[in-house]
Every structure is written in C-alpha cells, then in structure tokens.
Amino acid sequence: MAFVIVDTCTKDGHCVDACPVDCIHPTQAERGFERAPQLYINPDDCIDCGACVPVCPANSVYAAEDLPAEMTRFVEINASYYTH
Ligand code: SF4
Ligand code: SF4
C-alpha cells in the first residue's frame, strides 16, 4: 500500500523535498506542474516511509488504508497520473 495525496494539496512541494525516493510529481521543475490540480504519489515507487505526512501543512497525505471513505477514489487518481 502506498501513500496517497488528496485534492486539498496546495502544491507547495514540502512533500517533494521530504520524499527519499522522489516518487511525488509533478515537481515545480517539471512540465505540467502549472496545470496539475495537485501532486501525486507514484504507488510503484513509494516505500511507505511516511516522511511526507508530517511536512504537509494541508494534511493532504494519507496512507491508502487510512483514507476516509469519501476519499478512496484518490488511490486511483494518484496511480493514474503515472499511467498516462
Ligand atoms: S511515504 Fe515516503 S516514499 Fe512514499 S511518497 Fe511519502 S515520503 Fe515518498
Ligand atoms: S506537502 Fe501537502 S500540500 Fe504540499 S505539495 Fe505535498 S501534499 Fe501538497
């Protein structure tokens, strides 16, 4: 199970800086950053370390298994960013 970002994300990039495996995109330097509504975690690369959770000022990062029921769609929304 990977961690998942939900749509309260403000794209401030704190989680990008904290992630040891660079699995959160798009970064500010990447194409598509401006039009992305939020950032996304690559579930294939996330190592479940949890480092992105305490640095998020918007409380927008959840372990997939801890997502509130109304937010479970974000598992697929995060994954689908990487299958385009
Ligand atoms: S849990 Fe760890 S590896 Fe996964 S996105 Fe967060 S910081 Fe990166
Ligand atoms: S730290 Fe939180 S609000 Fe900032 S980019 Fe990451 S998920 Fe979004």
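Draft legend 1. Expanded view of the overall build of the protein. Counting its secondary structure elements, the protein contains two helices and four strands. Going from the N terminus to the C terminus, the protein shows its helices and strands as β-α-β-β-β-α. Its C-alpha atoms give the protein a radius of gyration of 11 Å, within 12% of the compact-globule value 12 Å for 84 residues. In the protein, which comprises 84 residues, the proportion classed as buried is 21%.

Draft legend 2. Inspection of unusual backbone geometry at higher detail. Put simply, H25 and P26 share a cis peptide bond, and its omega is -5°. Topologically, P26 is positioned in the loop between β2 (24–25) and β3 (40–41). For D48, which is not glycine, the phi dihedral falls at a positive 60°. A count of 11 C-beta atoms within 10 Å places D48 in the exposed class. Positive phi, close to 50°, is recorded for N59, a residue that is not glycine.

Draft legend 3. Region of the structure containing the site of ligand 1. Close to ligand 1 lie 14 residues, the nearest being C19, C46, C49, A51 and C52. Of the residues contributing to the shell around ligand 1, the split by class is 12 nonpolar, one polar and one charged.

What counts and what doesn't
- Here the residue numbers are simple positions, counted from 1 along each chain's written sequence.
- All chains are assigned letters beginning with A, and all ligands numbers beginning with 1, in the order in which they are written.
- Local features are withheld for residues below a pLDDT of 70 in this predicted model, meaning they are given only at 70 or higher, and side-chain atom pairs are given and counted only at 80 or more; totals for whole chains, interfaces and linings count all residues.
- Only DSSP runs of H or I covering at least 4 residues are called helices, and only runs of E covering at least 2 are called strands; the numbering of each starts at the N terminus.
- Between the two quantities, the radius of gyration covers C-alpha atoms and the globule rule is 2.2 Å times the number of residues to the power 0.38.
- The burial criterion counts other C-beta atoms lying within 10 Å of a residue's C-beta, which is placed from the backbone; the residue is buried at 20 or more, exposed at 12 or fewer, and partly exposed between these limits.
- Throughout this description, a residue near a molecule or strand is one whose C-beta atom, derived from the backbone, lies within 6 Å of it.
- Side-chain classes follow a simple rule in which Ala, Val, Leu, Ile, Met, Phe, Trp, Tyr, Cys and Pro form the nonpolar group, Asp, Glu, Lys and Arg form the charged group, and the remainder, Gly included, forms the polar group.

Bear in mind that shape data such as this cannot, by itself, settle questions of function.
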